[in-house]
Amino acid sequence: MSETLWLVVPAAGQGRRMGAEIPKQYLSIDGRPVLAHTLARLYQAFPASRLCLCLDIEGSSFDPAWVPFAGWRRVTGGAERVDSVIHALEAIAGEAADDDLVLVHDAARPCVTVDDLQRLVTCLADDPVGGLLATRVADTMKRDDGEGRVAATQPRSDLWHALTPQGFRYGLLRRALRHARAGGIAVTDEASAVEALGLSPQLVPGRRDNLKITHPEDLALAALVLSAQAAIPSTKTTIQPC
Ligand code: CTP
Ligand code: MG
């Protein structure tokens, strides 16, 4: 494994689908902002890692007291998530080595577990490409016809939900995101940028409760997940080691 583990946490979104008065990363679960929960999980798993946090320009709702890491920095986010991540990678350019592992984790995923975080890093230790936490699709998948009716049922046996963190070597990730942006390739995660280079990231099976708070009902769901995880910290899943 590389000497330095970097964490990039994009937290500069506006949370439009949530529709709250403040961005969703600042909404409270059990008296603590979502972002603080997320950072606490990351710190528990990797206390010695280096954090780069992408914040919105105002950042007015942000409190540095939420950051448990000793060495960390903030950067201003960009228009899209990928722009925020690129800002972070540019900011650490002088310090990160090309083969350092960088984990990118959405601020809006506070329910990621320490087990999943550490297993991802173990699975990626010798992987030449990198990879991501992911879960197999469980529901039957329908494609719509644009008018609210079913056009087709999609085979789901090879479909996965892409979660975060997604972990790649610094040099490869920077090249992939720059390539995607320069080529106008729409990427909503790091893996798709790496895929656009013709590479195949590793799918590391993760827990299904690593949900991304996106819509209003997700906040209550995340609160329930966090309290269930706290009550039964060693909940076993069917996840296989890599
Ligand atoms: N993000 C970011 N910079 C952006 C857009 C998103 O750092 N320009 C972050 C968000 O803060 C979030 C993560 O990327 O932690 C995942 O994005 P998403 O769930 O889409 O969050 P938002 O963009 O805030 O939500 P929405 O798309 O509903 O507006
Ligand atoms: Mg978004």
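Criteria and cut-off values
Residues numbered from 1 in each chain as written. Chains lettered and ligands numbered in written order. Predicted model: local features only at pLDDT ≥ 70, side-chain atom pairs only at ≥ 80, totals over all residues. Heavy atoms only, no water. Helix = DSSP H or I, 4+ residues; strand = E, 2+ residues; numbered from the N terminus. Rg over C-alpha atoms; globule rule 2.2 N^0.38 Å. Buried < 20%, exposed > 50% of the residue type's maximum accessible area, 1.4 Å probe, protein only. Contact = heavy atoms within 4.5 Å. Lys, Arg positive; Asp, Glu negative; His and termini not counted. Charge placed at Lys NZ, Arg CZ, Asp CG, Glu CD. Expected span 1.5 Å × (residues − 1). Arc of directions from axis to C-beta. Near = heavy atom within 4 Å. Polar contact = N/O pair within 3.5 Å; in protein donor to acceptor, adjacent residues only side chain to side chain. Areas by Shrake-Rupley, 256 points an atom, 1.4 Å probe, with all protein chains shown as cover. Nonpolar A, V, L, I, M, F, W, Y, C, P; charged D, E, K, R; others polar. Salt bridge = Lys/Arg side-chain N within 4 Å of Asp/Glu carboxyl O. Axes fitted to C-alpha atoms, helices over the stretch in contact; angles between N-to-C directions. Parallel < 35°, antiparallel > 145°, perpendicular 65-115°, else oblique. Left-handed = near helix turned anticlockwise from the far one by under 90°.

Considerations on the overall build of the chain
Here comes step 1: Tallying secondary structure elements over the chain gives 6 helices and 11 strands in all.
Here comes step 2: In terms of overall dimensions, the chain is globule-like: its C-alpha atoms have a radius of gyration of 18 Å, near the 18 Å expected for 242 residues.
Here comes step 3: Along the longest, intermediate and shortest principal axes, the C-alpha atoms of the chain span 50 × 45 × 35 Å.
Here comes step 4: When each of the 242 residues of the chain is scored for burial, the buried share is 49%.
Here comes step 5: Contacts spanning at least 24 positions in sequence make up 69% of the contacts within the chain whose residues lie at least 6 apart.
Here comes step 6: Side-chain charges in the chain split into 25 positive and 29 negative, and the spacing between the mean points of these groups amounts to 2 Å.

Brief notes about helix H6 (residues 216-231)
Here comes step 1: Between its terminal C-alpha atoms H6 stretches 24 Å, which fits the 22 Å expected from 16 residues at 1.5 Å a residue.
Here comes step 2: Those residues of H6 that fall on the buried side of the exposure criterion are Asp218, Leu219, Ala222, Val225, Leu226 and Gln229. Viewed end-on, H6 has its buried residues packed into an arc of 125°, placing them on one side of the element. Those residues of H6 that are exposed and angled more than 90 degrees off the buried face are Glu217, Leu224 and Ala231.
Here comes step 3: On its buried side, H6 packs onto strand E2 (28-29) and helix H1 (34-45).

A short note on the site of ligand 1
Here comes step 1: Neighbouring residues of ligand 1: 19 residues in total, closest Gly15, Arg16, Arg17, Lys24 and Ser84.
Here comes step 2: Between ligand 1 and Pro10, the relevant distance is 2.9 Å, taken from an oxygen atom to a main-chain nitrogen or oxygen of the residue.
Here comes step 3: Within the contact set of ligand 1, a nitrogen atom lies 3.4 Å away from a backbone nitrogen or oxygen of Glu80.
Here comes step 4: Relative to its unbound accessible surface of 560 Å², ligand 1 loses 89% to contact with the protein.
Here comes step 5: Listed by contribution, the elements that provide at least two residues to the shell around ligand 1 are strand E1 (5-11) and helix H2 (81-91).
Here comes step 6: Across the shell around ligand 1, the residue classes break down as 6 nonpolar, 6 polar and 7 charged.

Section: the side chain of Gln229
Here comes step 1: One can find Gln229 in helix H6.
Here comes step 2: Among the polar contacts made by the side chain of Gln229, one reaches the side chain of Asp209 at a distance of 3.2 Å.
Here comes step 3: In this structure, Gln229 is in contact with Arg41, Cys111, Thr113, Arg207 and Asp209, ignoring residues within four places of it in sequence.

Observations concerning the pattern of salt bridges
Here comes step 1: This structure, assessed with the given rule, holds 10 salt bridges.
Here comes step 2: Its salt-bridge partner being Asp116, residue Arg119 comes within 2.5 Å of it at the nearest N-O pair. Linking Arg119 with Asp116, this pair stays in helix H3 (residues 114-124), spanning 3 residues, or about one helical turn.
Here comes step 3: Look at Asp116 and you get buried, because its relative accessible area is 1%.
Here comes step 4: Residues joined by salt bridges that share partners form a network here, namely Arg81, Asp106, Arg109 and Glu190.

Things to note about unusual backbone geometry
Here comes step 1: A cis amide bond links Thr164 to the next residue, Pro165, at an omega of 10°.
Here comes step 2: Despite not being glycine, Asp30 has its phi angle at roughly 55°, a positive value.
Here comes step 3: When you line up the elements, Asp30 lands in the loop between E2 and strand E3 (32-33).

Comments concerning the packing of H2 against helix H4 (residues 170-182)
Here comes step 1: At a closest axis distance of 10 Å, the pairing of H2 and H4 adopts a crossing angle of 135°. Looking at the two axes, H2 sits oblique to H4. The crossing of H2 and H4 is left-handed. Packed against H2, whose contacting residues are Val82, Asp83, Val85, Ile86, Leu89 and Glu90, the element H4 presents Tyr170, Leu173, Arg174, Leu177, Arg178 and Arg181 at the interface.
Here comes step 2: Looking at the contact of H2 with H4 residue by residue, the class counts come to 7 nonpolar, no polar and 5 charged.

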